[in-house]
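Working through the structure, step by step
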Amino acid sequence: MLGPRIPALHRAYRRREPAEPDVRDLLLRVARAVGTPAYYSTYRDGRIAVVESTGPAAAGGDPFEAGTEPQAHATAHGKVLLAALPRPVRRRYLAEHGLPRFTEHTITDPDRLDAELGLVRRLGLAVSVGEYDPDWTCLAVPLPPAGGGAARALSVSLPTADRAARGRIGDVLTRAARQFG
């Protein structure tokens, strides 16, 4: 039975994909400031993964769980990480994972995604409104590269219906990323 083994599996994953010690504090500060779950994601060794989260451990309470993320093109943290990759590496990643449609808002056209990633690079902020799950919006900012140059992202998720909070949350994320660097 998998149920009782979940905590042990999560601990094993975190040993394999460790977050820096101060990342947990950063996530907790951001989550408290905005009142929504916060996430730390990386691109490492050809994989995009959510490494740490303040979201609830119970299934169904959080749109993003720790682990490898194949839907990166449909999430804000995935877009931040894809935007940080050199074009040949990004194309290889997308060729391997594709651009599957999750909702009517998912970007599935490579040229449109390239344009979106260019905007992410210019603004330093990515937004995904109902692209992976229609009920959730995700905002993300890049963090300075870690040792070894791994691309990193700080993000939050909030209900898509909560449009008023997006600008304030973007400001909180941007300030937190600057202070973290």
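Note: the structure precedes this text.
A few points on the structure. What you are looking at is a predicted structure, and each value in this text was computed from that prediction instead of being measured.

How each quantity is defined
- Residues numbered from 1 in each chain as written.
- Predicted model: local features only at pLDDT ≥ 70, side-chain atom pairs only at ≥ 80, totals over all residues.
- Heavy atoms only, no water.
- Pairing = 2+ DSSP bridges.
- Helix = DSSP H or I, 4+ residues; strand = E, 2+ residues; numbered from the N terminus.
- Contact = heavy atoms within 4.5 Å.
- Axes fitted to C-alpha atoms, helices over the stretch in contact; angles between N-to-C directions.
- Core = buried A, V, L, I, M, F, W, Y, C linked by side-chain atoms within 4.5 Å.
- Buried < 20%, exposed > 50% of the residue type's maximum accessible area, 1.4 Å probe, protein only.
- Polar contact = N/O pair within 3.5 Å; in protein donor to acceptor, adjacent residues only side chain to side chain.
- Salt bridge = Lys/Arg side-chain N within 4 Å of Asp/Glu carboxyl O.

Description of the sheet that holds strand β1 (residues 38-44)
Strand order in the open sheet made by the 6 strands is β3-β2-β1-β6-β5-β4, with antiparallel pairing throughout. Either end of the sheet is taken by a strand with one partner, and the two such strands are β3 (67-68) and β4 (126-129). One ladder, built from 6 bridges, connects β1 with strand β2 (residues 47-53); its direction is antiparallel. Bridging from a neighbouring strand, S41 pairs with V50 of β2. Lying over the sheet, helix α6 (residues 166-180) contacts β4, β5 (136-143) and β6 (151-159), oriented at roughly 25° with respect to β5.

Regarding the nonpolar core
In this structure, Y43, I48, L82 and Y93 are the most contacted members of the largest nonpolar core, which totals 24 residues. Those elements that provide at least two residues to this core are β1, β2, α3 (76-84), α4 (87-97), α5 (110-123), β5 and β6. For this core, the element with the most residues is α3, which contributes 5 residues. Look past the residues within four positions of I48 in its chain and what remains in contact with it is T42, Y43, G67, T68, E69, A72, G78, L81, L82 and Y93.

Quick notes on α3
Counting buried positions over the 9 residues of α3 gives 8, a clear majority of the element. Among the residues of α3, those classed as buried are A76, H77, G78, K79, V80, L81, L82 and A83. N-cap assignment for α3: the residue whose side-chain oxygen lies 3.0 Å from the backbone N of G78 is T75.

Topic: the pattern of salt bridges
Pairing between side chains of opposite charge can happen when the charged atoms of each approach one another. In the structure shown here, the tally under the stated rule is 6 salt bridges. Two residues, R24 and E52, come together in a salt bridge whose shortest N-O distance is 2.9 Å. On the criterion of sequence distance, the pair formed by R24 in helix α2 (residues 21-34) and E52 in strand β2 is long-range, its members being 28 residues apart. E52 sits in the buried class, given a relative accessible area of 5%. Within the structure, one salt-bridge network assembled from shared partners comprises R87, R90, R91 and D114.

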